[in-house]
Amino acid sequence: MTKSLSTRIFIGLFLGVLLGSIVQFALNDVAFFSGTLVEVASGIGKMFVNMIMMLVVPLVFVSIVCGVCELQDLKSFGRLGGKTFSFYIINTLVAITAAFAVAMLIEPGKGVDMSSAGGVDITATELPNLMTLIVNIVPNNPFSAFTSGNMLQVIFMALLLGGVIKSLGEVAKGAVKGFQTANVIMMRLISVVMNLAPIGVFALMFKLGATLEPEIFFSVVQYLLLILGLLLLWIFVVYPYAVSFFTQVSAKQFREKTREQILFSLSTASSNATIPVTMRTLTDKLGVNRAVAGFGVPLGATMNMGGVSIYITIAIFFVANAFGMPISGDQIPALLFSVFLLSVGAGGVPGGGMVMIGVLIHQMGLPVEAFAIVAALDRIIDMVLTSCNVVGDTAVLTIVDQTEKPHQIEAEKA
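Cut-off values and rules
Residues numbered from 1 in each chain as written. Predicted model: local features only at pLDDT ≥ 70, side-chain atom pairs only at ≥ 80, totals over all residues. Heavy atoms only, no water. Phe/Tyr/Trp six-rings, centres within 6.5 Å; stacked < 30°, edge-to-face > 60°. Helix = DSSP H or I, 4+ residues; strand = E, 2+ residues; numbered from the N terminus. Buried < 20%, exposed > 50% of the residue type's maximum accessible area, 1.4 Å probe, protein only. Salt bridge = Lys/Arg side-chain N within 4 Å of Asp/Glu carboxyl O. Axes fitted to C-alpha atoms, helices over the stretch in contact; angles between N-to-C directions. Parallel < 35°, antiparallel > 145°, perpendicular 65-115°, else oblique. Left-handed = near helix turned anticlockwise from the far one by under 90°. Contact = heavy atoms within 4.5 Å. Nonpolar A, V, L, I, M, F, W, Y, C, P; charged D, E, K, R; others polar. Core = buried A, V, L, I, M, F, W, Y, C linked by side-chain atoms within 4.5 Å. Lys, Arg positive; Asp, Glu negative; His and termini not counted. pLDDT = per-residue confidence, 0-100. Expected span 1.5 Å × (residues − 1). Bend = angle between axes of the 7 residues up to and from the residue. Disulfide = S-S within 2.5 Å.

Asker: Sorry, what's going on with the packing of aromatic side chains here?
Answerer: Two aromatic rings are characterised by how far apart their centres lie and by the angle between their planes. All told, the structure shown has 8 aromatic pairs when counted by the stated rule. The interplanar angle of 75° and the centroid separation of 5.9 Å between the aromatic rings of Phe-48 and Phe-264 together place this pair among those described as edge-to-face. With Phe-48 in helix α2 (residues 31–69) and Phe-264 in helix α11 (residues 259–268), this residue pair connects regions lying 216 residues apart in the sequence. Of the two residues, Phe-48 and Phe-264, neither departs from the other in class, the shared state being buried. Between Phe-61 and Phe-179, the ring centres sit 6.3 Å apart and the planes meet at 55°, which makes this aromatic pair tilted. Taken together, the residues Phe-61 in helix α2 and Phe-179 in helix α7 (residues 173–194) connect sequence positions 118 residues apart. Relative accessible area serves as the criterion here: at 18%, Phe-179 is assigned to the buried category. An aromatic cluster is present here, built from Phe-61, Phe-146 and Phe-179 joined pairwise through their rings.

Asker: Can you walk me through the pattern of salt bridges in this structure?
Answerer: Two side chains carrying opposite charge are able to pair once their charged atoms lie near each other. Inspection of every chain in the model, using the stated rule, returns 4 salt bridges. When the shortest N-O distance is used, the salt bridge between Glu-260 and Lys-285 registers 3.2 Å. Here Glu-260 is found in helix α11, whereas its partner Lys-285 is found in helix α12 (residues 275–285), with 25 residues between them in sequence. Judged by relative accessible area, Lys-285 falls into the partly exposed class, the value being 30%. When salt bridges with common partners are traced through the structure, they connect Glu-260, Arg-280 and Lys-285 into a single cluster.

Asker: Would you explain the environment of Val-57 in this entry?
Answerer: Residue position: Val-57 is located in helix α2. It is 9.0 Å that separates the C-alpha atoms of Val-57 and Asn-272, two residues lying 215 residues apart in sequence.

Asker: Would you mind going over the packing of α2 against helix α8 (residues 197–211) with me for this structure?
Answerer: The axes of two packed helices give the description: the angle between them and the distance between them. Look at α2 against α8: their axes get within 8 Å of each other, and the N-to-C directions meet at 135°. Regarding the angle of α2 to α8, the classification is oblique. Along this stretch, α2 crosses α8, giving a crossing that reads as left-handed. Mapping the contact onto sequence places Leu-37, Val-38, Ala-41, Ser-42, Ile-44, Gly-45, Phe-48 and Val-49 in α2 and Ala-197, Ile-199, Gly-200, Ala-203, Leu-204, Phe-206, Lys-207, Ala-210 and Thr-211 in α8. Residue composition of the contact of α2 with α8, by class: 12 nonpolar, 4 polar and 1 charged.

Asker: I keep staring at the nonpolar core and nothing clicks. Help me out?
Answerer: Within soluble globular proteins, side chains that are nonpolar tend to cluster in buried spots. Judged by nonpolar contacts, the single largest core of 116 residues is most densely connected at Tyr-223, Tyr-311, Ile-314 and Ile-381. Considering each element in turn, this core owes the most residues, 15 residues, to α2. If sequence neighbours within four positions are ignored, Tyr-223 has contacts with Tyr-311, Ile-314, Ala-315, Phe-318, Leu-377 and Ile-381. Membership of the second largest hydrophobic core comes to 6 residues, among which are Val-23, Ala-41, Ala-203 and Ala-210.

Asker: Explain the side chain of Asp-393 to me, please; I cannot follow it from the model alone.
Answerer: Along the chain, Asp-393 turns up in helix α17 (residues 370–413). The side chain of Asp-393 is buried and forms no salt bridge, while Arg-280, the nearest opposite charge, is found at 15 Å. When neighbours within four sequence positions are excluded, Asp-393 is seen to be in contact with Tyr-88, Val-297, Gly-300, Ala-301 and Asn-304.

Asker: Explain the confidence of the model for the chain here, please?
Answerer: The predicted coordinates should not be examined in detail at positions where pLDDT is low. Predicted confidence across the chain gives a mean pLDDT of 80, with 80% of residues reaching 70 or more. By mean pLDDT, the top-scoring element of the chain is helix α10 (residues 251–257) (94), and the lowest-scoring one is helix α4 (residues 130–135) (66). Here residues 117–128 is modelled with pLDDT under 50, and outside its nearest four sequence neighbours on either side it reaches 26 contacts, counting other chains as well.

Asker: How should α2 be read in this particular structure?
Answerer: Here α2 is 39 residues long and its end C-alpha atoms lie 56 Å apart, about the 57 Å a rise of 1.5 Å per residue gives. Where α2 bends most, the angle comes to about 30°, and this point is Val-56, followed within four residues by the proline Pro-58.

Asker: What's the story with the state of the cysteines in this structure? I'm lost.
Answerer: Each disulfide consists of one covalent bond between the sulfur atoms belonging to two cysteines. Inspection of every chain in the model, using the stated rule, returns 0 disulfides. With no disulfide of its own, Cys-66 lies closest to Cys-69 among cysteine sulfurs, the gap being 6.5 Å. For Cys-66, a relative accessible area of 3% corresponds to the buried category. The class of Cys-69 is buried, set by a relative accessible area of 11%.

Given below as structure tokens:
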């Protein structure tokens, strides 16, 4: 009981994979282990993720309203919003550019004949329309936005409500107090659920270890290692050193303080489900202002997809090369722009990257059969890219908070 939560999560993760692998390779013929036990683990894991997701929408809404209300003035709100949005866009563009350069240099999938792979149906067939995406940010039914978990709409409503409450000043003092109390309650609820994380992580990883089919990965090991290598480079080198360059937090300190966040996101493979852990990492461990975290974390879980950008870029080049349809020079500008839009639209849910790759496969005129290869490897990649996404959120917001400190000191003096 004295072990830290991150240590207990790691133990659960390791034991889950180990015991699940034993079931697959040694006890697969025993129905109780390969059937009943895996089904129970799957149910427990799903319940755990559902508990987290149950709290995400109210947590996001309340934390953003509180974040806006706690700002010194509405002018700082506009500055903070613009700065956070810009940094997220820059982060995504840098990730796409780096992945594109690596893909052009290494040419993953070249010389591999995957044309005999089986097909998988793709339901989504259209690239997101930018104007439609912007228009849909404003909900026509607030209850629908909450029930469907549309994060962009929830964020919009929270920003609007927070701004109005802040503008009313003393008149809305009771509303501010009410949301602050609600925020404390939500944080307590998150702590209760997080105490169950080691069990939930164990169940999720047990199922993964018991159902994974490693033989399907052998022919695409370069592709897999290339994506994982880039994602791990971003998590443990690029983001920590970017933070150390712009703030007083060293790269080593940043890696230590995001350890729990990385382990949790590995098991859930969901940026949205990791929002509570990201919040706590920023405010409790890195000392980031609650207003910055409250505004930036939900936005980052929706649109700051550095990991997804790397994944989609490498995956589409691999598929094109492996199926004998390499991407031509005149296709590259449209491809990179599409990757950017799809990365932002992937959302914070498990498997978002895989769906977007399916859309892109169709739009680029590549064989639908290619999607089977992507789907087979997605679960492993999705875990690591989610960690990359959430650590990217933490890195960006730590830097944003550093740039906000002079304004905070100036406001306090005034």
